[in-house]
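Fold and geometry: a report
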Amino acid sequence: MLIKRPNDYLPSEITPRGLFERRRDFLRLSTAAALGAMLPEAFANAKLAGIRPGPYAATDAQTPYSKVTTYNNFYEFGTDKSDPAETSGKFRARPWKISIEGLVKKPKTLDIDDILKLAPLEERIYRLRCVEAWSMVIPWIGFPLSTLLKHVEPLGSAKYVEFVSVVQKDTMPGLSGFGSLDWPYTEGLRIDEAMNPLAIVAVGLYGEVLPNQNGAPVRVVLPWKYGFKSAKSIVTIRFVDKEPVSSWMKAGPSEYGFYSNVNPEVDHPRWTQSSERRIGEFFKRKTLMFNGYGDQVAALYTGMDLRKNY
Ligand SMILES: Nc1nc2c(c(=O)[nH]1)N[C@H]1C(S)=C(S)[C@@H](COP(=O)(O)O)O[C@H]1N2
Ligand SMILES: [Mo]
């Protein structure tokens, strides 16, 4: 299959444009604060220190902070896009521990503060393409997922890794929502996908600690896959030998597959995936194979029939 070459990002650069947009957005928020606008989460978030520019910085205009933090999918807080920002105020992102377990030599329970010290924090400006055919460009703060995974020394028998999101009954009104997902939210990757340099654990965005609605205090980000693969608020990472069945696979096996790589040539049964609405833009954009990250990830899928691969 023909893989479209991504020509719209530069390695290791935060573009002047990105800085400009961020500053403009910051100014907008400051003005909003002065006016007493209702965005308390936006100001509660601490700045993260010592962030370095990372590789793979998309040069597309960044989606404003105000959109990134108010237009969300986080069904534990409700299914409307505005629900996570509106209902996640009581969520407890600290104290927080992640158990990394299963087929590993050194299973560990790590505190979020230990995780923050595992590697230097990098900014990764990535496109996020939701399976619902909208997209954003988000400056995440984090470090390679491989760093976290190697820390527990996976065994050779481990073929997949499963991510489990938290269930915090008293703070997540969406958990009791009728007919929604099977909780906890789970997702999975093949080990080599998880070790790919593009895969990160994110602990922040726009230079700040992750807001609750974006998956505080720690989530994964996999920019070549549909957004639902990037599980939020993770409490368990489990190494396994069989392909995990994710929450979305259980909910709709004919609509959501394990790999779920962004692929403009494979439509969702109910809508086209050939184009997308970039949040904040008027005209639709063409969706790129692997969301434009083919140079980094296409080799992971050599010999696989990607037409079956939603
Ligand atoms: N635990 C959990 N993780 C989740 C989801 C969810 O509902 N619950 N939604 C997914 C979907 S569909 C998308 S598009 C992204 C959205 O991430 P964002 O709100 O930070 O942009 O989170 C993903 N991770
Ligand atoms: Mo999504």
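Details of the site of ligand 1
Lining the immediate surroundings of ligand 1 are 17 residues, of which Asn72, Tyr75, Glu76, Ser230 and Lys232 lie closest. Note that an oxygen atom of ligand 1 is positioned 3.0 Å from one of the side-chain N or O atoms of Asn214. Looking at the shell around ligand 1 residue by residue, the class counts come to 8 nonpolar, 6 polar and 3 charged.

Some thoughts on the sheet that holds strand E5 (residues 108-111)
If you walk across this open sheet you meet the 5 strands as E5-E4-E13-E8-E9, and the pairing is mixed. Unpaired on one side and paired on the other, E5 and strand E9 (186-190) mark the two borders of the sheet. Across the sheet, the mean angle from the axis of one strand to that of its neighbour is 15 degrees, orientation sign disregarded. With 5 bridges connecting them, strand E8 (residues 160-165) and E9 associate as antiparallel partners. Residue pairing across strands places Tyr160 opposite Arg190, the latter belonging to E9.

A few points about the packing of aromatic side chains
Tallying each qualifying case throughout the model produces 15 aromatic pairs. Ring centres of Phe258 and Tyr259 lie 5.1 Å apart, and the angle between their planes is 90 degrees; on these two criteria the pair is classed as edge-to-face. The pair formed by Phe258 and Tyr259 is uniform in burial state, with each residue classed as buried. Through pairs of rings, three or more aromatic residues link up here, namely Tyr160, Phe258, Tyr259, Phe290 and Tyr301. The ring of Tyr71 carries Lys81 above its face, with NZ or CZ at 5.8 Å from the centroid. Taking the ring centre of Tyr293 as reference, the NZ or CZ of Arg127 above it sits at 4.7 Å.

Topic: the pattern of salt bridges
Throughout the structure, instances matching the rule amount to 23 salt bridges. Across the pair Arg94 and Asp113 runs a salt bridge whose closest N-O atoms are separated by 2.8 Å. Here the residue Arg94 occupies a position in the loop between helix H4 (83-87) and strand E4 (97-102), and Asp113 occupies one in helix H5 (residues 112-117), the gap between them amounting to 19 residues. The class for Arg94 is partly exposed, based on a relative accessible area of 45%. On the accessibility criterion, Asp113 (34% relative accessible area) is partly exposed.

Focus on the environment of Thr87
Within the fold, Thr87 resides in helix H4. Contact partners of Thr87, with chain neighbours within four places excluded, come to Phe77, Thr171 and Pro173. Within the structure, the side chain of Thr87 is placed 2.9 Å from the backbone oxygen of Phe77, a separation counted as a polar contact.

Definitions and cut-offs
Residues numbered from 1 in each chain as written. Chains lettered and ligands numbered in written order. Predicted model: local features only at pLDDT ≥ 70, side-chain atom pairs only at ≥ 80, totals over all residues. Heavy atoms only, no water. Near = heavy atom within 4 Å. Polar contact = N/O pair within 3.5 Å; in protein donor to acceptor, adjacent residues only side chain to side chain. Nonpolar A, V, L, I, M, F, W, Y, C, P; charged D, E, K, R; others polar. Pairing = 2+ DSSP bridges. Helix = DSSP H or I, 4+ residues; strand = E, 2+ residues; numbered from the N terminus. Axes fitted to C-alpha atoms, helices over the stretch in contact; angles between N-to-C directions. Phe/Tyr/Trp six-rings, centres within 6.5 Å; stacked < 30°, edge-to-face > 60°. Buried < 20%, exposed > 50% of the residue type's maximum accessible area, 1.4 Å probe, protein only. Lys NZ or Arg CZ within 6 Å of the ring centre and 35° of its normal. Salt bridge = Lys/Arg side-chain N within 4 Å of Asp/Glu carboxyl O. Contact = heavy atoms within 4.5 Å.

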